[in-house]
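Geometric and topological summary
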Amino acid sequence: MGAIKLELRCPQKVDGIAIDPEPDWSFDALLSELNSLETRLNASSKPVPFTKTKSREISTGKSVESNARAFVIRVSDDELENDNERKGEEVHNGSLVAVKRFTCDALYLSESDDSDDDVALGGESFLMDEVGLADGALVELTHQHQLGVKEEIRNLISTLETQLISENEQSTSALAQVEKYRDMRREMDRKIDTVYQRKIAEALDNHLTAVQRDHELKSQIEERKIRSDAAYEEAKRKERALQEEKLRQEKVKAEAEMQAKLRAEEAKRAALEAEKRAAKEAAEREAAENSKRITAGVSQDGACGRQPDDSSVIAGAQSRGSRSDGTKKLQSAVRATESALNIEQKRLQKLKELDEENQSLKLSSNEDFGGYEKDISRLIRQIRGLKDNVRTKASELVKILNNPLCPQSISLATFSKKVVSRCETPDDNVAMSCGYVIVLVASQVPQVMDILLGEFHRACIYTVPKHIVFSEAAFESEEAYYKTIGYREEDGKIESLENYLSRLKSYMRLYAALIQTEIPGVQNAHGLKEGWAWLARFLNALPANIYTGVALIAFLQLAGFALFKKYKSQFRKILDNIYDNFLNALKAREDSKLNLVIAEIQYYIEDKKFLEEPEGRTLQAPPLSSTLVPEADYQEYGRYHQYQEYGYQYH
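Residues numbered from 1 in each chain as written. Predicted model: local features only at pLDDT ≥ 70, side-chain atom pairs only at ≥ 80, totals over all residues. Heavy atoms only, no water.

A look at the overall build of the protein
The condition is simple: Strands here mean DSSP runs of E at least two residues long; helices mean DSSP runs of H or I at least four residues long; both are numbered from the N terminus. For the exposure calls, accessible area comes from a 1.4 Å probe over protein chains only, and a residue counts as buried if that area is under 20% of its type's maximum, exposed if over 50%, partly exposed in between. Contacts are residue-level and defined by heavy atoms, with any inter-residue pair within 4.5 Å sufficient. For accessible areas, the Shrake-Rupley method is used with a probe of radius 1.4 Å. Any residue's cover is judged against the shown protein chains and nothing else.
Along its length, the protein carries 17 helices and eight strands. Here the protein, with 651 residues, has 29% of them falling under the buried criterion. Pairs at least 24 residues apart make up 75% of the contacts formed inside the protein by residues separated by at least 6 positions. Of the roughly 42,800 Å² of accessible surface on the protein, a fraction of 51% belongs to carbon and sulfur atoms.

Below, the structure written as structure tokens:
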């Protein structure tokens, strides 16, 4: 009889315990299953009962329906003619029965079943019933299968333990490497800190060295400055001595000239008196002779004597009358208030007397004052909108104006002319800066203000304010009229209207800048009070045209802000008057040249530009990059030239 091959097909779980391990179990699930298996196997020391729940039935057919969870036993003979025919034998009560397949519905290996049969069998003895060979083989195979599963599980657990140990060793090695890396990083950080501290120490040492060097340099500069100041004081002392000597010599010379002049005047006076006496005697003689001739004529002609010839007297009277008529016609063309004309006349008279004095000084003196005039011109050109610059330039100008070596009349005239000509540059900042300088200089030299205002009136009649109307009776030609109101002649021709209006605007801006300038602690001799008076005289006397329109808007743009701050609602009333009357009068002319002026005045009033501070009114602080070195260099340069002028050598 050939070998018997049994194929068992058992259920997946028996009594809640999985027999075949799942291939996709995780490690935690496997451990849980093992713990459950051990608990169930060790829970009781009693033998596992084996109870039949269903009688076995022998099948005689070739195929039998089987439960998916049943064991299947197949018996085959490998030696039967190699035809692969399978024959099953079933063993029952010690005999072999040939069958194809037998099944068992269930196999209970544990007493932990929750069915009611366990309760019913609680009092029975757990003796294994007599079973056949197939059932014993089934139990044996089941037991072997369980042992195989346990062995596989133990192998898997052993493998897992080996992996855990390996991973633990790797973790320990990694931790050791991390610790080593951390120690290396600490050592590297310590070295870096040492290098950094060394660099800090070197930088600190270099800084202290630089500070010490800077202190030494400053001390050297201070020593040099002290020496230069001492040299400057010595030079000033020698300069004063020279000046005193020069003044003494000039005084002696002037006294000698005065004595000579007095003697010449006395001689001249004596000669004039002699001539007068001779003329008087001659006149007396002539009168006596005339009286004699008249007496003789009367006696000869009687009542028919001739009347004296008065033609020369009549001609002289006619010439004087023509000049008087021309003056009256010119005065009738002038539009200005009487007070403004009187003030203008006084200032122009002072300016005229100053010019005559300077002319006589230059003719009578051999000295050249051109150097002082150049210094004044240079200082005015260097004026900028910076506080230190304005203060410095004003101080230097005051020194020149009070310099005894230069007659003050010459320096005053030069200062006034240069300031007025400086404003011809269309720059609001320059106008504002010059206004500050004028106020500071006038506070130290009060004579400056009237001379400067006279120059203003001479350059621009609208600073009076005054306007001259063209009339053929008053002017010989339009060219003469244009020259009278301030037009210049360029290449033999009168300048264009645009150039004239540009200069007029520049003059009025400087005049307005002077009026609105306010310096704490310094009195402005021609301040906002004079500006208010100018505005009232302007609106009361001047007509609305392109000249007066440009002058008005230029004045308001720079002085309007300060006037509003002081006069508030009164200034608003003035603006309303300008808007209702002056502006409408300009519009009524219907001249396209007036469109720009009308737009500027209308924009200024409607947009309330008088509430905005004009640019340059507040002087700027000097930039951080600026130092006193350039100014000191300039002072040293001035000292050098001053010493050279008097023959000293400057060190």
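That was the structure; now back to the text.
Topic: the nonpolar core
Rules: In this description, a nonpolar core means a group of buried Ala, Val, Leu, Ile, Met, Phe, Trp, Tyr and Cys residues linked to one another through side-chain atoms lying within 4.5 Å.
Membership of the largest hydrophobic core comes to 92 residues, with the highest contact counts inside it found for F415, Y462, M508 and F555. Examining the composition of this core, we find that 15 residues originate from one element, helix α14 (residues 546-567), more than from any other. Of all hydrophobic cores here, the second largest spans five residues; its members include Y372, L405, C406 and I410.

Some details on the packing of helix α12 (residues 497-516) against α14
Stated precisely, the cut-off is as follows: As a rule, the C-alpha atoms of each element are fitted with a line to give its axis, helices using only the stretch in contact, and angles between N-to-C directions run from 0 to 180 degrees. Each angle is binned into one of four classes, with values under 35 degrees roughly parallel, values over 145 roughly antiparallel, values of 65 to 115 roughly perpendicular, and all other values oblique. Should the near helix be turned anticlockwise from the far one by less than a right angle, the crossing is termed left-handed; should it be turned clockwise, right-handed. Gly is put with the polar residues, along with every residue not named as nonpolar or charged; the nonpolar set is Ala, Val, Leu, Ile, Met, Phe, Trp, Tyr, Cys and Pro, and the charged set is Asp, Glu, Lys and Arg.
It is at 8 Å that the axes of α12 and α14 come closest, and there the two elements cross at 30°. Judged on the interaxial angle alone, α14 and α12 are roughly parallel. Relative to α14, the crossing made by α12 is right-handed. Counted together, L497, Y500, L501, L504, K505, M508, R509, Y511, A512, A513, I515 and Q516 of α12 and I546, Y547, V550, A551, A554, F555, Q557, L558, A559 and A562 of α14 form the full contact between these two elements. Here the residues of the contact of α12 with α14 sort into 18 nonpolar, two polar and two charged.

Concerning a nonpolar patch on the surface
For the record, the criterion: Residues with no salt bridge and a relative accessible area higher than 30% make up the patches, which join like charges within 9 Å and nonpolar side chains (Val, Leu, Ile, Met, Phe, Trp, Tyr) within 5 Å. A pairing counts as a salt bridge when a side-chain nitrogen of Lys or Arg comes within 4 Å of a carboxyl oxygen of Asp or Glu.
Taken together, the side chains of F27, L31 and L164 define a hydrophobic patch exposed on the protein surface, amounting to about 230 Å² of accessible area. Here L31 is to be found in helix α1 (residues 27-42). On the basis of relative accessibility, which here comes to 30%, the residue L31 falls in the partly exposed class.

A short note on the packing of aromatic side chains
The relative placement of two aromatic rings is captured by the distance of their centres and the angle of their planes. Here is the rule: Aromatic pairing here means that ring centres of Phe, Tyr or Trp (its six-membered ring) are within 6.5 Å. Orientation follows from the plane angle: under 30 degrees is stacked, over 60 is edge-to-face, and everything else is tilted.
The final tally for this structure, using the stated rule, is 17 aromatic pairs. With centroids separated by 6.3 Å and ring planes inclined at 55°, the aromatic side chains of Y604 and F610 adopt a geometry described as tilted. Here Y604 matches F610 in class, with each residue buried. Site record: aromatic cluster; members linked through ring pairs are F470, F475, Y481, Y482, Y487, Y500 and Y547.

Looking at unusual backbone geometry
With omega at 5°, the peptide bond leading from V464 into P465 counts as cis. On the secondary structure map, P465 appears in the loop between α10 (447-459) and β6 (467-468). Phi at K568 takes a positive value of approximately 50°, unusual for a residue other than glycine. Locating K568 in the fold gives a position in the loop between α14 and α15 (569-588). When its relative accessible area of 46% is taken as the criterion, K568 is described as partly exposed. Although it is not a glycine, E590 sits at a positive phi angle of roughly 55°.

Overview of α15
Applied cut-off: In a helix, the anticipated span is given by 1.5 Å times the number of residues less one. Think of it this way: the bend at a residue is just the angle between two axes, each fitted to seven residues, one set ending at that residue and the other starting at it.
End to end, α15 covers 28 Å across 20 residues, agreeing with the expected 28 Å (1.5 Å per residue, within 8%). Of all the bends in α15, the greatest measures close to 35° and is centred on I578. Buried residues of α15: F571, I574, L575, I578, F582, L583 and L586, and no others. Looking at the buried positions of α15, the neighbouring elements they touch are α13 (528-541), α14 and α16 (595-606). After α15 finishes, the residue E590 shows a positive phi value of roughly 55°.

Examining the side chain of E455
Looking at the secondary structure, you find E455 in helix α10. Leave out the neighbours within four places in its chain, and E455 touches L351, S416, K417 and V420.

Some remarks on the confidence of the model for the protein
Threshold: Each residue gets a pLDDT score, which is the predictor's confidence in that residue and runs from 0 to 100.
Scored by pLDDT, the protein has a mean of 76; 69% of the residues are at 70 or more. Overall, residues 294-324 carries pLDDT values under 50, and its contacts beyond four positions in sequence, including any with other chains, amount to one contact. Below pLDDT 50 for its whole length, residues 624-651 participates in 29 contacts with residues either more than four positions away or in separate chains.

Observations regarding the environment of V390
For V390, the location among the structural elements is in helix α7 (residues 387-401). Residue classification places V390 among the buried positions, given a relative accessible area of 2%. When the C-alpha atoms of V390 and L619 are compared, they prove to be 8.7 Å apart, with 229 residues separating the residues in sequence. Not counting chain neighbours up to four residues away, the residues in contact with V390 comprise R384, S433, Y436, V437, L440 and L619.

Details of α12
When the terminal C-alpha atoms of α12 are compared, their 28 Å separation across 20 residues agrees well with the 28 Å that a helix rising 1.5 Å per residue should span. By the criterion of burial, α12 is predominantly enclosed, with 15 of the 20 residues buried.

Some details on the pattern of salt bridges
Tallying each qualifying case throughout the model produces 20 salt bridges. Between R237 and E234 there is a salt bridge whose closest N-O contact spans 2.3 Å. Of the two residues, R237 and E234 both sit in helix α3 (residues 133-301), three residues apart, roughly one turn of that helix. Assessed through its relative accessible area of 44%, R237 is described here as partly exposed. Judged by its relative accessible area of 33%, E234 is partly exposed. E245 is paired through a salt bridge with R248; the nearest N and O atoms lie 2.5 Å apart. With E245 and R248 both in helix α3 and three residues apart, this pair spans about one turn of that helix. By relative accessible area, which is 33% here, E245 ends up partly exposed.

Observations concerning the packing of α14 against α16
Contact geometry for α14 and α16: axes closest at 10 Å, N-to-C directions at 30°. The orientation of α14 relative to α16 falls into the category roughly parallel. Regarding α14 and α16, the two cross each other, and that crossing is left-handed. Of α16, the residues touching α14 (which contributes I546, G549, V550, I553, L556, Q557, G560 and F561) are V597, E600, I601 and Y604. Looking at the contact of α14 with α16, its residues break down into eight nonpolar, three polar and one charged.

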